[in-house]
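Observations on the three-dimensional arrangement
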Amino acid sequence: MTDLRRLALVAMLISPPAAAAPLVIAHRGASGYLPEHTLPAKAMAHAQGADFVEQDVVLSRDDVPVVLHDIHLDAISDVADLHPGRARGDGRYYVVDFTLEELRGLRLCERRDPKTGRQVFPGRFPADTGTFRIATLEEELDLLEGLARSTGRRVGVYPEIKQPSWHRREGHDIAPIVVDVLRRRGLDSKEAACFIQCFEADELVRLRADLAWRGRLVLLLGGSPQDVDDPLLAAGELAELARVVDGIGPPLGRVIGADGRPTPLVTAAHAAGLVVHPYTFRVDQLPPFATSADDALRRLFLDAGVDGLFSDFPDVCVRWLERQGNPGCRPD
Ligand code: CA
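Residues numbered from 1 in each chain as written. Predicted model: local features only at pLDDT ≥ 70, side-chain atom pairs only at ≥ 80, totals over all residues. Heavy atoms only, no water.

**Section: the coordination of the calcium ion**
At 2.2 to 2.3 Å from the calcium ion lie its protein donor atoms, namely Glu54 (OE), Asp56 (OD) and Glu160 (OE). Positions of the donor residues of the calcium ion along the chain correspond to the pattern E-x1-D-x103-E. Comparing Glu54 with Asp56, the two get one shared label, buried. (Donors = N, O, S within 2.8 Å, 3.2 Å for Na, K, Ca; no water. Buried < 20%, exposed > 50% of the residue type's maximum accessible area, 1.4 Å probe, protein only.)

**Quick look at helix H7 (residues 174-184)**
Given 3.6 residues per turn, any residue in an α-helix points the same way as the ones three and four places further on. Looking at H7, one finds that the buried residues are Ile174, Ala175, Val178, Val179, Val181 and Leu182. Each buried residue of H7 sits inside an arc of 160° when the element is viewed along its axis, so together they form one side. (Helix = DSSP H or I, 4+ residues; strand = E, 2+ residues; numbered from the N terminus. Arc of directions from axis to C-beta.)

**Quick notes on helix H5 (residues 137-151)**
End to end, H5 covers 21 Å across 15 residues, agreeing with the expected 21 Å (1.5 Å per residue, within 8%). Leu137, Glu140, Leu141, Leu144, Leu147 and Ala148 are the residues of H5 that are buried. Angular distribution of buried residues about the axis of H5 spans 120°; they occupy a single face of the element. Every exposed residue of H5 that faces more than 90 degrees away from the buried side is listed here: Arg149 and Ser150. Gly152, located one to two residues past H5, shows a positive phi value of around 80°. (Expected span 1.5 Å × (residues − 1).)

**What to know about the packing of H7 against helix H8 (residues 201-209)**
The N-to-C vectors of H7 and H8 enclose an angle of 50°; their axes lie 11 Å apart at closest approach. By the angle between their directions, the pair H7 and H8 is classed as oblique. Taken as a pair, H7 and H8 cross one another with a handedness that is right-handed. Taking contact as the criterion, the partners of Ala175, Pro176 and Val179 in H7 are, on H8, Glu203, Arg206 and Leu207. (Axes fitted to C-alpha atoms, helices over the stretch in contact; angles between N-to-C directions. Parallel < 35°, antiparallel > 145°, perpendicular 65-115°, else oblique. Left-handed = near helix turned anticlockwise from the far one by under 90°. Contact = heavy atoms within 4.5 Å.)

**Observations regarding the pattern of salt bridges**
The final tally for this structure, using the stated rule, is 34 salt bridges. Taking the shortest distance from any N to any O, the salt bridge between Arg154 and Glu145 comes out at 3.0 Å. Salt-bridge contacts for Asp246 lead to Arg208; the nearest nitrogen and oxygen are separated by 3.0 Å. Here Asp246 is found in the loop between helix H9 (237-241) and strand S7 (247-249), whereas its partner Arg208 is found in helix H8, with 38 residues between them in sequence. Linked by salt bridges that have partners in common, Glu138, Asp142, Asp180, Arg184 and Arg185 make up one network. (Salt bridge = Lys/Arg side-chain N within 4 Å of Asp/Glu carboxyl O.)

Listed below in structure tokens is the structure:
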């Protein structure tokens, strides 16, 4: 070993690279307090100290990217009252059937079960109250840019490309449209405070290979709670994934098992060079492995060692991390 290499090795042993502070990712904004994906919910997430704010993105009929969680409108808006007769055969109202101008006329509200009309989270913002409107992706990014200037604190953005295969079958290609918006804002690099997320691995491969996206990518994982049988733990799976993406977004139950102990997933992902950002921590819907919000956060951040966490309650995560003496990561 050369002296130079020996020196480098000694320096590394003396001062191992500090682990980055876990990221608090505001899931659909501060959606525990205000209707999801409304600009007020995003402003509140910024004010509560979230590191990143999530945007789920779907396309309007005229191919404008708008920030909504579902391809449907009926659970979170008054579309059925304003546009009777515009539902499809399945009784649902689809975002892609409405122009941006039509979408702008809808009132957004706290999420209801479309079958029963009841609020999904009864203790949250009252669903019959408010004058909230749909925002385009551009409008939300403008809001966050404006807040970065007025407060001096920039939050990162975490857009999810929703159901790209479904969009394609409907004659709309969502990924290039979202990438174009993000590129024009200078977010196409690993250094930018931006992660693109998607449940469809093929679309992430396409983003990297065909659309030449250079920024960070996260593969979202579905599935019910799993433990040692997690298929991602098969030999070479995570290493293969790491050739395309920078991280994974599993449900909480794939990170902490039913016994309350970490599954092997985070350790294995870290060994492959992937970050792990599980979803979703909710104070009003605790995971089955936790006895309290603090208990859930301790198991996720300390026991499992996740690198970030999607939460409807970013303030609760920020405060918990601060109590651990961790000021949180500032994306810039
Ligand atoms: Ca999402």
